[in-house]
Structure formats: structure tokens, C-alpha cells
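Report on the structure
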Amino acid sequence: MESIFHEKQEGSLCAQHCLNNLLQGEYFSPVELSSIAHQLDEEERMRMAEGGVTSEDYRTFLQQPSGNMDDSGFFSIQVISNALKVWGLELILFNSPEYQRLRIDPINERSFICNYKEHWFTVRKLGKQWFNLNSLLTGPELISDTYLALFLAQLQQEGYSIFVVKGDLPDCEADQLLQMIRVQQMHRPKLIGEELAQLKEQRVHKTDLERVLEANDGSGMLDEDEEDLQRALALSRQEIDMEDEEADLRRAIQLSMQGSSRNISQDIPQTSGTNLTSEELRKRREAYFEKQQQQQKQQQQQQQGDLSGQSSHPCERPTTSSGALGSDLGEINSLVAHTKPVWWSLHMDVCDIWCRRPDRRTPLGDRSPVLALTP
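Being a predicted model, the structure only gives us computed values, none of them experimental.

Turning next to the confidence of the model for the protein. Mean pLDDT over the protein: 76, with 62% of residues reaching 70 or higher. Within the protein, strand 4 (residues 129–132) carries the highest mean pLDDT (96), whereas helix 11 (residues 322–338) carries the lowest (49). Here residues 262–274 is modelled with pLDDT under 50, and outside its nearest four sequence neighbours on either side it reaches 17 contacts, counting other chains as well. Confidence drops under pLDDT 50 across residues 313–327; counting only partners more than four residues distant or on other chains, this segment forms eight contacts.

Here you go:
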């Protein structure tokens, strides 16, 4: 593809691009084509003057602009035809009755020139392959042999005028190279307008990206400060959650103590303040169990007195304090159940007190199951 000469559109010089792409080189310039157009205008003026320079048609002709060129760079088919005559080439209208009677397959031709609304472009065979050399494309477009006839028919339906170029074209490097190899085209070339729009969009996107990057460069310290602030807020939220958990635990202990105070309010003196610390709770438990120990001693003395009386009255059954003991155990179990968050400390205290009782005859290190504590 690199060896194929392809001029891209500049202004309205499509006729110049069409001729140079056909001949595969910079053979014509706007100045040369303008010179050919002026010659054609002069020949037309001379023919009009044959009818009389004073005639109305001649005066009207002089007032009209040139039909062979304009200031934008457009050139007529007469200019293109005269330019090709220099190289011994001739243009024949493709859909004319004369050419259609020849029944020539388009694949057997060498090149075509197409025109629609003052736009000209070339379709030429280089080597053994056909190429669309439209100057509005970003590069040559490969056309297969089977698609060539359909391509020309489509152009005719769109209103294009198609001319067959007859004659021997000048030799070119691309034609010689493509006689030996065949090329493949993976992607169709885009129109220049599409490419320009895409490039413009990319420039706009790049400009926006650069603007954002510049803004970020100026606020690098600000971003770091924001990250530090976010980390600090996250830590503070964690601390608040921990404090909330501790507060919930304290409230649970307080509620458990309030529930158990209905049973032990007569045994444990009330303290001022609603929030009890763990130390205060421990002191309450020690006072309660000391009082229970005293009661158990009294009950033991009472049991010994009953046993001495039983020897004198053998028929009488001794009374036991199992009911009192059961009530005491029920109160203890209730207290343990309501103070579940600190049940282990309570369990150790109860075991120490009951294992030291002399009537149990149990060594201090032997943790016999005196109480059935439910954790």
C-alpha cells in the first residue's frame, strides 16, 4: 500500500487529485489546470464572437462566469479531458449507448473516473487488483474483482457519472510491484471527515484529561489530607462502636442487678448511685456470702441441738434445714443467672466459701460439687 500514490483532499482541488492519482504522480498542479481552463474559455469566446460581438448572446456570455473553473478550485470535465489528451488518454462515458453496445466487462478495463456534484475521484487497476483512490479517503481502498461491477452500479444509482479511461497509462512503481505480489487489506480506510472528527474528539478528551491531571497535581497535598481525615474518621467510628459495646455491657449488668435485687434486697444494703463497678459488685457478693455463712453456722448449731434432743426422744424425726438450704441455693442460682456476664468470678467465690466449711470434711484443694451452679 505504501508504494501506491494517493493524494488526499485539499480544498476543492479534487480534479487535480483525481488526475494525479490516476497517473500515479504529481503531474498536474492548480496553475496548469487553470491554464487549460483559460484556453477553453478563450476558445468558447471566439466561437461566440463568430455570431457577432454586438449580439445579445455574446454580451450575455461575457457577463457569465467561467464554466470550466471557479475560485474554489473546481475544474470541469472538459479541463480533465484536455489534460489527459496530453498523455494520449481519452474519456468515454461508461453508461453511454455506444459503450454499452461493446459489452466490455469492467474488470477488463484499466481505470475509471467518477464524478458527482463537482467531486472527482479515480478507480484504477494496479497490478492485478483494483483500488479506490478517492481523495476523501485516508488511503487507497482495495476492491475485489467480484465487487467491482457492484461498486460501479452502486455509484450509478447514487447519481455518479462514470467515465472509462482509454489508452496506455504511464508506468508506475506501484503497478510493477503489484504485478508480482497481491496485497490484503484488513481495515477499510475511513473518510477524512470521520478521521478528523475522531482526532478532534481525542484531542478534546486529552485536553480534559490533562486539565484533570493538572488539577490533581495542584491538590496532591489536599488529597493526602483527605485520606488522613478518612482514616481518622474510621478509627473514631471504631472507638465509638467499642464504647457502645462497653456501655451495653454495663447496662446489661445493671439490669441483671436490678432484677436480682428483688430477691436479695433484704440481705445486701443498697448503695447510692445507679452505675455499679465490678469492685462494688464483688463487695456485695462477699457481704452476701459472709451473711450466708453465718446463717449456715447457726443452722449447724441448731442441728446439733436437735440431735442431742433426739437421743431422749427416739420416736421423733429430726427436722432438717434442707428447705432453707434449697431456698438459699435457689437465690444463689438466680443471682448467678442474672449476673451472667460475671458468673465465673461468682463461681470461684462460692467454691472457696463452701470448700472451707469444716463440716464438709473436704480438703481445700478438692473442688467437690457442693453447689449445682448453672452458668
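A word on helix 7 (residues 173–180). Buried within helix 7 we find A174, D175 and L178. Seen along its axis, helix 7 keeps its buried residues to an arc of 95°; they face one direction. What points out from helix 7, more than 90 degrees from its buried face, is the exposed set E173 and M180. Of the surrounding elements, those touching the buried residues of helix 7 are strand 3 (119–126) and strand 4.

The next subject is the packing of helix 2 (residues 30–49) against helix 3 (residues 56–63). Across the interface, helix 2 lies against helix 3 with an axial gap of 9 Å and an inter-helix angle of 160°. The pairing of helix 2 with helix 3 is recorded here as roughly antiparallel in orientation. Relative to helix 3, helix 2 is oriented so that their crossing is left-handed. Contact residues: helix 2 offers D41, E44, R45, M48 and A49, while helix 3 offers D57, Y58, F61 and L62. Of the residues contributing to the contact of helix 2 with helix 3, the split by class is five nonpolar, no polar and four charged.

All chains considered together, the criterion is met by eight aromatic pairs. Aromatic pair Y147 and F151: ring centres 6.0 Å apart, planes at 45°, arrangement tilted. Pair noted here: Y147 and F151 are both in helix 6 (residues 145–157), with a separation of four residues, about one helical turn. Look at Y147 and you get partly exposed, because its relative accessible area is 34%. Through a chain of ring-to-ring contacts, three or more aromatic side chains come together here, namely F94, Y99, F112 and W130.

How each quantity is defined
Residues numbered from 1 in each chain as written. Predicted model: local features only at pLDDT ≥ 70, side-chain atom pairs only at ≥ 80, totals over all residues. Heavy atoms only, no water. pLDDT = per-residue confidence, 0-100. Helix = DSSP H or I, 4+ residues; strand = E, 2+ residues; numbered from the N terminus. Contact = heavy atoms within 4.5 Å. Buried < 20%, exposed > 50% of the residue type's maximum accessible area, 1.4 Å probe, protein only. Arc of directions from axis to C-beta. Axes fitted to C-alpha atoms, helices over the stretch in contact; angles between N-to-C directions. Parallel < 35°, antiparallel > 145°, perpendicular 65-115°, else oblique. Left-handed = near helix turned anticlockwise from the far one by under 90°. Nonpolar A, V, L, I, M, F, W, Y, C, P; charged D, E, K, R; others polar. Phe/Tyr/Trp six-rings, centres within 6.5 Å; stacked < 30°, edge-to-face > 60°.

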